[in-house]
Structure formats: C-alpha cells, structure tokens
Amino acid sequence: MGPMRISGTVSMRTAVVTATALALLTACGGGGSGGGDKGGGQGKHAMGSKAPKADPTRIPEVGNALQSKIPGNSGQVVAVYGKGVNSADATVVLYTKEGKDWKRARSWAGHNGKRGWTTRHHEGDKRSPVGVYTLSDAGGVLPDPGARLPYSETPAFAAPHSWPTSHWTDFNYVIAIDYNRVKGTSPLDPTRPEGQRKGGSIWLHMDHGSGTSACVSLPKSGMEYLLRNLDPERHPVVVMGDKAHLAA
C-alpha cells in the first residue's frame, strides 16, 4: 500500500481533526531531564565466569515476558531501552531480521516519559507504557520523507505555540505506537478503544532534548531513517520499557 497524504484543505472532517488535535498532542509534550543512555550491560558475573554468549535469535536484553510477545512474522523491531524506571533517558535501537537472526541496524539517544515507565499507564501520569506494540501509521507537519508506512501530512499536527519554542517541532514527524488506538487511521484519530482513562496518542516523534508526557522521542535524522525503512510488509513493532522491565 502506498503512502497516504492528507492535505491541509479546510473541510468538515479537517475541522474536527484540528479541533481534537491540541487535546491529543498534550499526551506527547512536557519537560524533563536531558541526556541519553547506551542501553546497558548484563550486570556482574561470578568471579572467573564468562559472560553468556548472546543469542542472535533474540532481541538483546529483552527477557521472555516481552520477547514472547514479538510476533513471529515481525522482521523489524524498534527497541527502546529506558535507563531506569523513573528516568526520562533512553536509547532507541532498530533491529532487522536476517533469516532467524536479529541484526542491529541503527541506534539513537532519545527520551521517554518525564517520570519514567509504567506497566499500568493512564492519561496524565507522565510515564511511558512498557510493552510490545505494532507500528502501523505515521504523519507529521512536514511532507512525506519517503515513508513506507501510510503517512498523513497536515498542519493539524503542529504543537501549540503556547508550549516552549523547543517543543514546536516535536510533531514534524511522528509514528503512532499502537497503544489504545485504531490501526489504519491517522495518528491524530482520537478513538480510544480501551477508554480515555488509559491514555493514547503515544508516538515516536522528534526529540526536544528532555522527557515527554508519555511518548518516545529521537533525533530528526532517526525519525527520517525509521520512516524510510519501517516496512508494513515486515510487520514492525516497538519493544519498550526500562531495563528491569525489559529483562523480565
């Protein structure tokens, strides 16, 4: 399926989307501590023992609980390694599958929710949800950079100018994380299948140098790379959480 474009032409439907956009976008703004993290080691081993050999058929540092939730037909995984359960710092890594083995393709320093991570995300908690989620739809203020995922281009993505200027470009590019949303729709779609209290509008988007309200952010170059390389035919997913939850 080719990229989908939505023009900024004023219409009844656009007016509705624009009216809801500001409320939705608040799920992805906010300040926090800056910085990034390289995504961690395996901890200390007994004296004289050797580190266990990595299994190339598994995503590194992801334990059975989440590893088992990666679909068998997935050929692309975006792993978000949060520094700690209460930290906003993260490393974002793209893995691609070659045969049975996962290969590390690219990585970027990034951020997650300003208060860290949770397994019970709810609207306004400022924490990113731990889990495995599909990646189905994209969009942004800027023109389609060559995305393989369906891409919705519209100024309705623009961050409110009441936010700090450092946040104004956050949604120039976004990829919707399929948490409490309807797949196959614009990331701006306000539908919340599991109810409003569970939150929504959890996206990959451009980084402003600090934590978000629940989204995962990475540099513009990283967003461009993901948009150009995430292929719906390879069933991409994101595996995200702090190191402890990921390793469980």
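Here the structure is shown first, and the text comes after it.
Residues numbered from 1 in each chain as written. Predicted model: local features only at pLDDT ≥ 70, side-chain atom pairs only at ≥ 80, totals over all residues. Heavy atoms only, no water.

Draft legend 1. Representation of the overall build of the protein chain in the model. Secondary structure summary: the protein chain contains 4 helices and 11 strands in total. Put simply, the protein chain has 248 residues, and 50% of those count as buried. Within the protein chain, contacts between residues separated by at least 24 positions form 67% of all contacts whose residues are at least 6 apart in sequence. Carbon and sulfur atoms provide 54% of the accessible area of the protein chain, an area that totals close to 11500 Å². (Helix = DSSP H or I, 4+ residues; strand = E, 2+ residues; numbered from the N terminus. Buried < 20%, exposed > 50% of the residue type's maximum accessible area, 1.4 Å probe, protein only. Contact = heavy atoms within 4.5 Å. Areas by Shrake-Rupley, 256 points an atom, 1.4 Å probe, with all protein chains shown as cover.)

Draft legend 2. Summary view of the pattern of salt bridges. This model, assessed by the stated rule, comprises 4 salt bridges. Linking arginine 148 and aspartate 231 is a salt bridge whose minimum nitrogen-to-oxygen distance equals 3.2 Å. One end of the pair, arginine 148, is in the loop between β6 (131-140) and β7 (151-153); the other, aspartate 231, is in the loop between α3 (220-229) and β11 (237-242), with 83 residues separating them in the sequence. You can call arginine 148 partly exposed: its relative accessible area is 41%. With a relative accessible area of 14%, aspartate 231 lands in the buried category. Across the pair lysine 198 and glutamate 194 runs a salt bridge, and its minimum N-O distance is 2.8 Å. Judged by its relative accessible area of 33%, lysine 198 falls in the partly exposed class. The class for glutamate 194 is partly exposed, based on a relative accessible area of 48%. Through salt bridges with shared partners, one network takes in Asp137, Asp178 and Arg181. (Salt bridge = Lys/Arg side-chain N within 4 Å of Asp/Glu carboxyl O.)

Draft legend 3. Spatial organisation of the packing of aromatic side chains. In this structure the tally under the stated criterion is 5 aromatic pairs. Ring geometry for tryptophan 108 and tyrosine 225: centres 5.9 Å apart, planes at 55 degrees, overall tilted. Note that tryptophan 108 is positioned in strand β3 (residues 101-111) and tyrosine 225 in helix α3, a separation of 117 residues in sequence. Taking relative accessible area as the criterion, tryptophan 108 reaches 11% and is therefore assigned buried. Each ring, one from tryptophan 163 and one from phenylalanine 171, has its centre 6.0 Å from the other, and the planes form 70 degrees; the classification is edge-to-face. Among the aromatic side chains, those forming a connected cluster through ring pairs are Phe157, Trp163, Phe171 and Trp203. (Phe/Tyr/Trp six-rings, centres within 6.5 Å; stacked < 30°, edge-to-face > 60°.)

Draft legend 4. Examining empty space enclosed by the protein more closely. The final tally for this structure, using the stated rule, is 1 cavity of 30 Å³ or more. Residue lining of the largest cavity: Ile177, Tyr179, Arg181, Pro187, Asp189, Arg192, Ser201, Ile202 and Trp203, and that is the complete set. Classifying every residue of the lining of the largest cavity gives 5 nonpolar, 1 polar and 3 charged. (1 Å grid on protein atoms, 1.4 Å probe; cavity = no way out; pocket = protein on both sides within 12 Å on 5 of 7 lines; lining within 4 Å. Points joined across faces, edges and corners; volume = space filled by probe spheres on them. Nonpolar A, V, L, I, M, F, W, Y, C, P; charged D, E, K, R; others polar.)

Draft legend 5. Inspection of unusual backbone geometry at higher detail. Positive phi, close to 65 degrees, is recorded for glutamate 61, a residue that is not glycine. Residue position: glutamate 61 is located in the loop between α1 (12-25) and α2 (64-67).

Draft legend 6. How the structure looks around the side chain of aspartate 125. Within the secondary structure, aspartate 125 is located in the loop between β4 (117-118) and β5 (128-129). Nearest to the buried, unbridged aspartate 125 among oppositely charged side chains is arginine 127, at 6.0 Å. There is a polar contact of 2.9 Å between the side chain of aspartate 125 and the side chain of histidine 121. Among the polar contacts made by the side chain of aspartate 125, one reaches the main-chain amide nitrogen of histidine 122 at a distance of 3.0 Å. In this structure, aspartate 125 is in contact with Arg115, Thr118 and Arg120, ignoring residues within four places of it in sequence. (Lys, Arg positive; Asp, Glu negative; His and termini not counted. Polar contact = N/O pair within 3.5 Å; in protein donor to acceptor, adjacent residues only side chain to side chain.)

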